[in-house]
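The lines below spell out each chain.
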Amino acid sequence: MSQPLSRLMEAAHLPSTALCGAAPEAIAVSAVTADSRAVRPGTLFAALPGTHADGRTFIPAAVQAGACAVLAPSGTVWPQGTSPCPVVECENPRHALALMATALAGPQPAHLAAITGTNGKTSTADFMRQLWTLQGFSASAIGTLG
């Protein structure tokens, strides 16, 4: 499900003036990611500075892969030779990304269950998912294996 960029910017408390290059209501966003390898058409790419790599160096790859917009720190210089793409600039792009992802994903489920321990977590989670599904509930399991 996609949302207009204007809605995601509103959720992140960003003014429309934070966007350079297009009208935010005209851009449909279907996914957000900080990994340029995961960008597909309709994805907002978050070019976040990190401790080992600066996400801004991956802007060309993200744009080439079809990013519909780029979220970047204020003052980001557009890489030479990179096709134009709308840019959302803000002081704290990491926080903005979290708020945008939350708005795009929708509300959390009404009920969550967590399993802790040393052994058997994956099996237990899968057994519970199967039992709840058989009882007619919408259920899923998330873990390190998928």
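Here's what I pulled together on the structure shown here. Everything numeric here is computed off the predicted structure, so don't read it as measured data.

Criteria and thresholds
- Within any chain, residue numbers begin from 1 and follow the written order of that chain's sequence.
- Local features in this predicted model are restricted to residues of pLDDT 70 or higher, and side-chain atom pairs are both shown and tallied only at a pLDDT of 80 or more, whereas totals for entire chains, interfaces and linings draw on every residue.
- Calculation of side-chain values draws on the structure's entire complement of heavy atoms; hydrogens and water are dropped beforehand.
- Put simply, DSSP marks the helices as runs of H or I at least four residues long and the strands as runs of E at least two long, and each gets a number from the N terminus on.
- Within these notes, the globule rule equals 2.2 Å times the number of residues to the 0.38 power, and the radius of gyration is based on C-alpha atoms.
- What makes two residues a contact is simply this: any of their non-hydrogen atoms within 4.5 Å.
- At least two DSSP bridges between two strands are required for those strands to pair.
- Cavities and pockets were defined on a 1 Å grid built from protein atoms only: a cavity is a group of points that admits a 1.4 Å probe but offers it no way out, a pocket is an open group of points flanked by protein on both sides within 12 Å along at least five of seven lines, and a lining residue is one with an atom within 4 Å of any such point.
- Grid points are joined across faces, edges and corners, and a volume is the space filled by probe spheres set on the points.
- Following the grouping adopted for this structure description, the nonpolar residues are Ala, Val, Leu, Ile, Met, Phe, Trp, Tyr, Cys and Pro, the charged ones are Asp, Glu, Lys and Arg, and the polar ones are all others, Gly among them.
- Joining through side-chain atoms within 4.5 Å is the link that ties buried Ala, Val, Leu, Ile, Met, Phe, Trp, Tyr and Cys residues into a set, and such a set is a nonpolar core.
- Here the term buried applies to any residue with accessible area under 20% of the maximum for its type, exposed to any over 50%, and partly exposed to those in between, with areas from a 1.4 Å probe on protein chains only.
- Where helices are involved, their axes are fitted lines through C-alpha atoms of the stretch in contact, as for all axes, and angles between N-to-C directions lie from 0 to 180°.
- Salt bridges are defined as contacts in which a side-chain nitrogen from Lys or Arg sits within 4 Å of a carboxyl oxygen from Asp or Glu.

### A few points about the overall build of the chain
Scanning the chain from terminus to terminus reveals 4 helices and 7 strands. Helices and strands in the chain line up, N terminus first, as β-α-β-β-β-β-α-β-β-α-α. Its C-alpha atoms give the chain a radius of gyration of 18 Å, clearly above 15 Å, the size a compact globule of 146 residues would have. Along the first, second and third principal axes, the C-alpha set of the chain runs to 55 × 35 × 25 Å. Long-range contacts, defined here as pairs at least 24 residues apart, represent 45% of the contacts in the chain between residues at least 6 apart.

### Digging into the pairing of strand S7 (residues 87-90)
Both strand S2 (residues 19-20) and S7 contribute to a ladder of 2 bridges, which runs antiparallel. Following the sheet pairing, Leu19 is matched in S7 by Val88. Looking at chain direction, strand S6 (residues 69-73) and S7 are connected through 4 bridges and run parallel. The residue bridging Leu71 from the neighbouring strand is Val88, located in S7.

### Focus: the layout of surface pockets
The volume enclosed by the largest pocket comes to roughly 850 Å³. In terms of lining residues, the largest pocket is bounded by 24 residues, among which Ala113, Trp132, Ser140, Ala141 and Ile142 are the most central. Classifying every residue of the lining of the largest pocket by side-chain character gives 14 nonpolar, 7 polar and 3 charged.

### What to know about the nonpolar core
Counting 22 residues, the largest nonpolar core has Leu5, Met9, Leu14, Val29, Leu71, Val88 and Met100 as its most contacted members. When residues of this core are traced back to their parent elements, those giving at least two are helix H1 (5-11), strand S5 (43-46), S6, S7 and helix H3 (93-105). If one sorts the elements of this core by residue count, H3 sits on top with 5 residues. Setting aside its immediate chain neighbours within four residues, Leu71 contacts Leu44, Phe45, Ala46, Ala47, Val88, Cys90, Pro93, Ala96, Leu97 and Met100. Judged by nonpolar contacts, the second largest core, of 10 residues, contains Val39, Val63, Ala67 and Cys85.

### Observations concerning the environment of Leu99
As for its position among the elements, Leu99 is in helix H3. Distance in space between the C-alpha atoms of Leu99 and Ala31 is 13 Å, their sequence separation being 68 residues. Setting aside its immediate chain neighbours within four residues, Leu99 contacts Ala11, Ala12 and His13.

### As for the sheet that holds S7
The sheet built from 5 strands is open, its strands ordered S2-S7-S6-S5-S4 with mixed pairing. Two strands in the sheet have a free side with no partner beyond their single neighbour: S2 and strand S4 (31-33). Packed on one face of the sheet, H3 meets S4, S5, S6 and S7 and runs near 145 degrees to S6.

### With respect to the pattern of salt bridges
Inspection of the entire model under this criterion finds 3 salt bridges. Linking Arg37 and Asp35 is a salt bridge whose minimum nitrogen-to-oxygen distance equals 3.0 Å. Between Arg129 and Asp126 there is a salt bridge, with its nearest N and O atoms 2.8 Å apart. With a gap of 3 residues between them, Arg129 and Asp126 both fall in helix H4 (residues 121-134), about one helical turn apart.

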